[in-house]
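Fold and contact review
Here are the chains, one letter per residue:
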Amino acid sequence: MSWEKEIEELRRREELARRMGGPDKVKRQHDGGKLTVRERVDRLLDPGSFHEIGGLAGVAKYGTDGELAEFTPANLVIGRGRIAGRPVAITGDDFTVRGGANDGGIKNKLLSVERMACDLRLPLVRLVDGTGGGGSVKNLELQGHSPMPKAFLWDWWTENLSEIPVVSLALGSVAGLGAARVVCSHYSVMVKGSSQMFVAGPPVVEWTHGKFEKNELGGSHIHTRNGAVDDEAASEDDAFDRARKFLSYLPNSVHELAARAPCEDDPARREPWLVEAVPRDPRKVYPMRRIIDAVVDKGSFFEIGKLWGRSVITGFARLSGWPVALMAGDPMHYGGAWTARASEKVMRFVDLAQTFHLPMVHLVDVPGFLIGPEAEKEGTIRYGMRAASAILQSRMPWCSVIVRKLFGVAGALHQNSSRYGMRVAWPSAEWGSLPIAGGLEAAYKAEIEAAPDPAAKRAEIEQRIRKFASPMRGAERYDIEEIIDPRDTRRILCEFAELAAPLRTPGRSSFGGSVIVILIAN
């Protein structure tokens with residue numbers, strides 16, 4: 001009366017599934033410098049924590065006796081596991097089985113893992129390698145008809161982005177639906193050299209556009225610079241480390257709050273060199289990332305999107321253990337001016353912080369939107385106003401530290417001006433409708449040109465005008481609430497984090513209803 005025979009059959013099928021595409025295909029994967037899907041799952045998750053779901057799905061062939069003769073597993077592995085003790089949902093493409101193309105119940109598995117992550121409120125990690133459930137011309141012969149394209153996953157992608165953290169790692173050549181799965185996430189990573197991303201891969205593109213190598217068409221050097229993908233990893237293990245770090249700053253879902261971490265870094269720590277971090281010459285640049293590292297908990301800054309929209313730095317950090325979103329101007333690129341790409345980056349990052357209830361810290365050095373013919377061709381002002389919409393609809397607590405420049409429309413977006421936000425300035429701060437250096441030529445053109453020594457006259461006028469641009473003068477009019485010693489920045493930011501922590505409210509964010517009003521002083 002025992003069911004041992006069936007259990008033995010179950011174990012046999014499980015073993016067949018674990019063989020993936022077979023020894024030859026596994027060797028080919030390794031020879032290409034890539035791990036198999038099961039090795040990837042084991043590397044990413046806490047040891048022994050993976051619980052597979054749907055492992056018996058695949059394509060089976062039976063003998064005349066009705067017994068299983070052959071079994072090819074579905075090329076998608078899904079399940080649950082843990083990262084740093086926290087439960088997550090995980091899905092991984094198996095490139096050793098038909099290059100990750102659609103077969104063997106994969107559509108149902110794709111839907112299942114997305115639904116499971118959302119309904120159980122678990123962070124979702126996608127390990128994408130191949131078309132990720134996309135099409136293959138072979139399906140015409142296998143299925144006997146040409147299936148109508150259907151957006152069968154998009155509703156769940158949209159829902160999940162509003163509910164749970166979603167991380168996608170491109171770990172091979174991903175195309176079509178696989179590429180869409182990578183970019184429809186809160187955080188995406190490509191592996192340098194071994195991953196590529198395309199709307200359509202080289203064989204399809206060759207038909208209309210000529211021959212391209214994979215990296216030439218869609219390598220990480222392309223998509224981590226154009227903003228399609230957030231970051232570039234040096235290896236698969238580096239990509240797994242980045243995924244774990246990203247998730248460590250976030251709650252399991254929007255219905256929870258991100259946890260405070262233990263902190264041994266003194267909130268009152270002062271870095272003496274900060275008093276001279278910003279050069280007196282406004283034309284000279286300085287390393288903003290060094291300032292970030294000096295004011296947040298030691299080693300806690302996790303940068304996101306370093307290689308695109310580079311005039312703005314974005315990432316997560318901790319202050320006295322509390323997780324925060326952090327944004328900063330980078331004068332090393334366009335002097336910190338917001339480009340079209342930088343504005344996109346700001347919009348995406350503010351939305352991310354809003355979704356998961358992270359307070360925002362902004363270290364401000366914004367000379368305005370980028371100007372010039374190329375900026376106009378890129379439609380910079382339109383992207384800038386999209387960033388404005390995100391900022392002025394945000395509801396998270398906000399603290400701005402005006403480090404140096406704050407000018408024009410972009411400068412007005414240093415925080416949500418419709419709500420109270422903490423704001424302090426360093427003595428190096430300067431603000432206005434436009435920078436003095438650029439405005440002098442327009443305002444004093446005739447006087448400068450008429451002078452015997454135009455250069456000397458220009459310098460004389462600039463020195464005179466700069467006295468009126470002092471932040472001390474602004475403080476007299478309460479244009480700025482507080483001017484601080486740069487060495488006190490960490491203490492003030494840690495106080496902000498403590499004040500902001502109880503203001504965080506779990507739940508799904510609601511955007512809309514804000515009216516954008518930008519006032520530009522005459």
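Residues numbered from 1 in each chain as written. Predicted model: local features only at pLDDT ≥ 70, side-chain atom pairs only at ≥ 80, totals over all residues. Heavy atoms only, no water.

**Here we look at the pairing of strand E13 (residues 312–319)**
Burial runs high along E13: eight of the eight residues are buried. In E13, alternate side chains face the same way, and those of Val 312, Thr 314, Phe 316 and Arg 318 on one face and Ile 313, Gly 315, Ala 317 and Leu 319 on the other are all buried. With eight bridges connecting them, E13 and strand E14 (residues 322–329) associate as antiparallel partners. Bridge pairing in E14 links Ile 313 to Ala 328. (Buried < 20%, exposed > 50% of the residue type's maximum accessible area, 1.4 Å probe, protein only. Helix = DSSP H or I, 4+ residues; strand = E, 2+ residues; numbered from the N terminus. Pairing = 2+ DSSP bridges.)

**What to know about the packing of helix H4 (residues 106–119) against helix H6 (residues 154–163)**
Axis separation between H4 and H6 bottoms out at 10 Å; the angle between their running directions is 25°. One way to sum up the angle between H4 and H6 is to call them roughly parallel. Crossing handedness for the pair H4 and H6: left-handed. Packed against H4, whose contacting residues are Leu 111, Glu 114, Arg 115, Cys 118 and Asp 119, the element H6 presents Trp 156, Trp 157, Glu 159, Asn 160 and Glu 163 at the interface. (Axes fitted to C-alpha atoms, helices over the stretch in contact; angles between N-to-C directions. Parallel < 35°, antiparallel > 145°, perpendicular 65-115°, else oblique. Left-handed = near helix turned anticlockwise from the far one by under 90°. Contact = heavy atoms within 4.5 Å.)

**Re the packing of aromatic side chains**
Tallied over the full model, the rule gives seven aromatic pairs. Ring plane angle 10° and centroid distance 4.7 Å describe the contact between Tyr 187 and Phe 246, whose orientation is recorded as stacked. Placement of the pair is Tyr 187 in strand E9 (residues 187–191) and Phe 246 in helix H11 (residues 236–248), with a sequence separation of 59 residues. Taken as a pair, Tyr 187 and Phe 246 share a single burial class, namely buried. Centre to centre, the rings of Tyr 249 and Phe 302 are 6.3 Å apart; their planes meet at 20°, and the pair counts as stacked. Residue Tyr 249 is found in the loop between H11 and helix H12 (288–295), and its partner Phe 302 is found in strand E12 (residues 302–303); the two are separated by 53 residues along the sequence. By the burial criterion, Tyr 249 is buried, and Phe 302 matches it. Connected via pairs of aromatic rings, a cluster forms that spans Tyr 187, Phe 246, Tyr 249, Phe 302, Phe 316 and Phe 349. Above the ring of Phe 95, the side-chain terminus of Lys 34 is found at 4.5 Å from the ring centroid. The residue whose ring lies beneath Arg 290 is Trp 273, and the NZ or CZ to ring-centre distance is 3.8 Å. (Phe/Tyr/Trp six-rings, centres within 6.5 Å; stacked < 30°, edge-to-face > 60°. Lys NZ or Arg CZ within 6 Å of the ring centre and 35° of its normal.)

**Concerning the sheet that holds strand E6 (residues 124–128)**
Sheet architecture is open: seven strands sit in the order E1-E4-E5-E6-E7-E9-E11, paired in mixed fashion. Where the open sheet ends on each side, the last strands, each with one partner, are strand E1 (51–53) and strand E11 (231–233). Strand after strand, the sheet turns through a mean of 25° between neighbouring axes, direction not considered. Those strands touched by helix H3 (residues 37–44) are E1, strand E4 (76–83), strand E5 (86–93) and E6, and its axis lies near 160° from that of E5.

**What about the side chain of Asp 365?**
Take Asp 365: it is sitting in strand E15 (residues 360–366). With a relative accessible area of 0%, Asp 365 lands in the buried category. Looking at Asp 365, its side chain comes within polar contact range of the side chain of Tyr 286, at 2.6 Å. Here Lys 405 takes part through its backbone nitrogen, which lies 3.2 Å from a polar atom of the side chain of Asp 365. In contact with Asp 365, not counting residues within four places along its chain, are Tyr 286, Met 288, Gly 329, Pro 331, Gly 335, Gly 336, Arg 404 and Lys 405. (Polar contact = N/O pair within 3.5 Å; in protein donor to acceptor, adjacent residues only side chain to side chain.)

**Re the environment of Arg 386**
Within the fold, Arg 386 resides in helix H15 (residues 380–393). In this structure, the C-alpha to C-alpha distance between Arg 386 and Met 347, residues 39 residues apart in sequence, is 6.7 Å.

**So, the confidence of the model for the chain**
Taken residue by residue, the chain gives an average pLDDT of 88. The fraction at 70 or more is 89%. For the stretch residues 512–522, pLDDT sits under 50, and the model shows 16 contacts to residues farther than four places along the chain or on other chains. (pLDDT = per-residue confidence, 0-100.)

**Describing the state of the cysteines**
With the rule as written, the count across this model stands at zero disulfides. For the unlinked cysteine Cys 494, the closest cysteine sulfur is that of Cys 263, found at 6.9 Å. The exposure class of Cys 494 is buried, given its relative accessible area of 3%. (Disulfide = S-S within 2.5 Å.)

**Thoughts on the nonpolar core**
If you look at the biggest cluster of nonpolar residues, it comprises 59 residues, and the most contacted ones within it are Leu 44, Leu 127, Leu 169, Phe 246, Phe 316, Trp 338 and Met 360. Of the residues forming this core, the biggest block, seven residues, is contributed by helix H13 (residues 340–355). Dropping the residues within four chain positions of it, Leu 127 is found in contact with Arg 40, Val 41, Leu 44, Ile 90, Thr 91, Gly 92, Asp 93, Leu 169, Leu 171 and Phe 240. (Core = buried A, V, L, I, M, F, W, Y, C linked by side-chain atoms within 4.5 Å.)

**As for the environment of His 51**
Of note, His 51 is situated in strand E1. Looking at His 51, the relative accessible area reads 44%, which means it is partly exposed. For the pair formed by His 51 and Arg 80, sequence separation is 29 residues and the distance between their alpha carbons is 5.2 Å. Residues within four places of His 51 in sequence aside, it is in contact with Ile 78, Gly 79 and Arg 80.

**Observations concerning the pattern of salt bridges**
Inspection of the entire model under this criterion finds 34 salt bridges. One salt bridge in this structure joins Glu 163 and Arg 508, with 3.0 Å as the shortest N-O distance. In this pair, Glu 163 is assigned in helix H6 and Arg 508 in the segment after helix H21 (489–500), connecting sequence segments 345 residues apart. On the basis of relative accessibility, which here comes to 9%, the residue Glu 163 falls in the buried class. Between Asp 265 and Arg 490 there is a salt bridge whose closest N-O contact spans 3.5 Å. Of the two residues, Asp 265 is situated in the loop between H11 and H12 and Arg 490 in helix H21; the sequence distance between them amounts to 225 residues. (Salt bridge = Lys/Arg side-chain N within 4 Å of Asp/Glu carboxyl O.)

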